[in-house]
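Chains, contacts and geometry: an overview
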Amino acid sequence: KAGVTQTPRYLIKTRGQQVTLSCSPISGHRSVSWYQQTPGQGLQFLFEYFSETQRNKGNFPGRFSGRQFSNSRSEMNVSTLELGDSALYLCASHRDPNTGELFFGEGSRLTVL
Amino acid sequence: AQSVSQHNHHVILSEAASLELGCNYSYGGTVNLFWYVQYPGQHLQLLLKYFSGDPLVKGIKGFEAEFIKSKFSFNLRKPSVQWSDTAEYFCAVNADNQGGKLIFGQGTELSVKP
């Protein structure tokens, strides 16, 4: 069965712009989590959605937001981009919404100039 | 705050050598524990997991890990590494069944020389 699909794979933005990233989970998975991966900070949890509701949120500023649709697809948005937002953004879907066993996509690499 | 510490940033081994990667976490409650692996050019994937029961768990490709609750550790082992094991390895903790919220360690880059 198809894995987690993230689009776009690569994008370049300038400071002050906003960006929207998309994630389609594995068919049948109803939970989606987002992570930011950078060389300096490693993998950091952004937020998690289950059945269109945010269940958990990490320690990121309000510029980072997300949502989930009724078909379990998810989007995350970053507004007023800063240079430090350059990162690989990973989406993961869950077989079990409670255990943390995640299936990751290949990520969206964002470069902010 | 919860945290995960991986002892080694970069490990270099020759093929057939034994591997042990250390992982310690700080959290006193119920935990689910994971090792994820990222092969060059590929996405993160699950190597093995511990939820409960036997503290020695086996994963894919001959890897195993031992959960020692008293030491808050979950070390990864493999008796004999192969060149194809070259990858970055991440230890992660899910505390109190907090869904998709994992706390990851900083990762250990493993390079296996043929």
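Residues numbered from 1 in each chain as written. Chains lettered and ligands numbered in written order. Predicted model: local features only at pLDDT ≥ 70, side-chain atom pairs only at ≥ 80, totals over all residues. Heavy atoms only, no water.

Quick word on the overall build of chain A
Counting its regular elements, chain A contains zero helices and 11 strands. Ordering the α and β elements of chain A from the N terminus gives β-β-β-β-β-β-β-β-β-β-β. Against the compact-globule benchmark of 13 Å for 113 residues, chain A has a radius of gyration of 13 Å, which places it among compact chains. Judged by the C-alpha coordinates and their principal axes, chain A covers about 35 × 25 × 25 Å. A buried classification covers 50% of the 113 residues belonging to chain A. Here the analysis covers contacts within chain A between residues at least 6 apart in sequence; of these, 53% occur between residues at least 24 apart. When the accessible surface of chain A is split by element, carbon and sulfur atoms take 47% of a total near 5300 Å². Computed over 12 positive and 8 negative side-chain charges, the inter-centroid distance for chain A is 4 Å. (Helix = DSSP H or I, 4+ residues; strand = E, 2+ residues; numbered from the N terminus. Rg over C-alpha atoms; globule rule 2.2 N^0.38 Å. Buried < 20%, exposed > 50% of the residue type's maximum accessible area, 1.4 Å probe, protein only. Contact = heavy atoms within 4.5 Å. Areas by Shrake-Rupley, 256 points an atom, 1.4 Å probe, with all protein chains shown as cover. Lys, Arg positive; Asp, Glu negative; His and termini not counted. Charge placed at Lys NZ, Arg CZ, Asp CG, Glu CD.)

Regarding the overall build of chain B
Along the backbone of chain B there are zero helices and 12 strands. Going from the N terminus to the C terminus, chain B shows its helices and strands as β-β-β-β-β-β-β-β-β-β-β-β. For chain B, the C-alpha atoms occupy an extent of roughly 40 × 25 × 20 Å along the three principal directions. By residue count, 46% of the 114 residues in chain B fall in the buried class. Within chain B, counting contacts between residues at least 6 apart in sequence, those at least 24 apart form 55% of the total. Of the side chains in chain B, 9 bear a positive and 9 a negative charge, and the two mean positions are spaced by 3 Å.

Points about the environment of T111 of chain A
With respect to the helices and strands, the residue T111 of chain A is situated in strand β11 (residues 108-112). Sequence spacing of T111 of chain A and G62 of chain A is 49 residues, and the spatial spacing of their C-alpha atoms is 20 Å.

Quick word on the state of the cysteines
By the definition in use, this model includes two disulfides over all chains. One disulfide in the model links C23 of chain A with C91 of chain A; its S-S distance is 1.8 Å. Negative torsions about the S-S bond denote left-handed disulfides, and the value of about -65 degrees found for C23 of chain A with C91 of chain A makes this one left-handed. Of this pair, C23 of chain A sits in strand β3 (residues 19-24) while C91 of chain A sits in strand β9 (residues 87-94), and the two are 68 residues apart along the sequence. Residue C91 of chain A is classed as buried on the basis of its relative accessible area, which comes to 0%. Across a sulfur-sulfur distance of 1.9 Å, C23 of chain B and C91 of chain B are joined as a disulfide pair. Residues C23 of chain B and C91 of chain B are joined by a disulfide whose S-S torsion is about -70 degrees; by sign, that bridge is left-handed. Linking C23 of chain B in strand β4 (residues 23-26) with C91 of chain B in strand β10 (residues 87-95), this pair joins segments that are 68 residues apart in sequence. (Disulfide = S-S within 2.5 Å.)

Regarding the packing of aromatic side chains
Here the structure, examined in full by the defined rule, presents 14 aromatic pairs over all chains. Seen from their ring centres, F104 of chain A and Y36 of chain B are 5.6 Å apart, and the 90 degrees between their planes marks the pair as edge-to-face. Here Y36 of chain B lies in strand β5 (residues 31-38) and F104 of chain A lies in strand β10 (residues 102-104), a pairing that spans two chains. Feature note: the residues Y35, F45 and F104 of chain A together with F34, Y36, F51, F90 and F104 of chain B constitute an aromatic cluster, connected by ring pairs. Here the guanidinium or amino end of R55 of chain A rests over the ring plane of F50 of chain A, the centre of that ring lying 5.7 Å away. (Phe/Tyr/Trp six-rings, centres within 6.5 Å; stacked < 30°, edge-to-face > 60°. Lys NZ or Arg CZ within 6 Å of the ring centre and 35° of its normal.)

Quick word on the pattern of salt bridges
Residue and element names in this part refer to chain A. Inspection of the entire model under this criterion finds 11 salt bridges over all chains. Between R63 and E82 there is a salt bridge whose closest N-O contact spans 3.6 Å. In this pair, R63 is assigned in the loop between β6 (53-57) and β7 (64-68) and E82 in the loop between β8 (74-78) and β9, connecting sequence segments 19 residues apart. By relative accessible area, which is 17% here, R63 ends up buried. Note on E82: relative accessible area 42%, which makes it partly exposed. (Salt bridge = Lys/Arg side-chain N within 4 Å of Asp/Glu carboxyl O.)

Re the sheet that holds strand β1 (residues 5-7) of chain A
Residues and elements named next belong to chain A. Taken in spatial order, the four strands line up as β1-β3-β8-β7 in an open sheet, and their pairing is antiparallel. Each edge of the sheet is formed by a strand with only one pairing partner; in this case those strands are β1 and β7. Neighbour-to-neighbour, the strand axes of this sheet turn through a mean angle of 15 degrees, independent of strand direction. (Pairing = 2+ DSSP bridges. Axes fitted to C-alpha atoms, helices over the stretch in contact; angles between N-to-C directions.)

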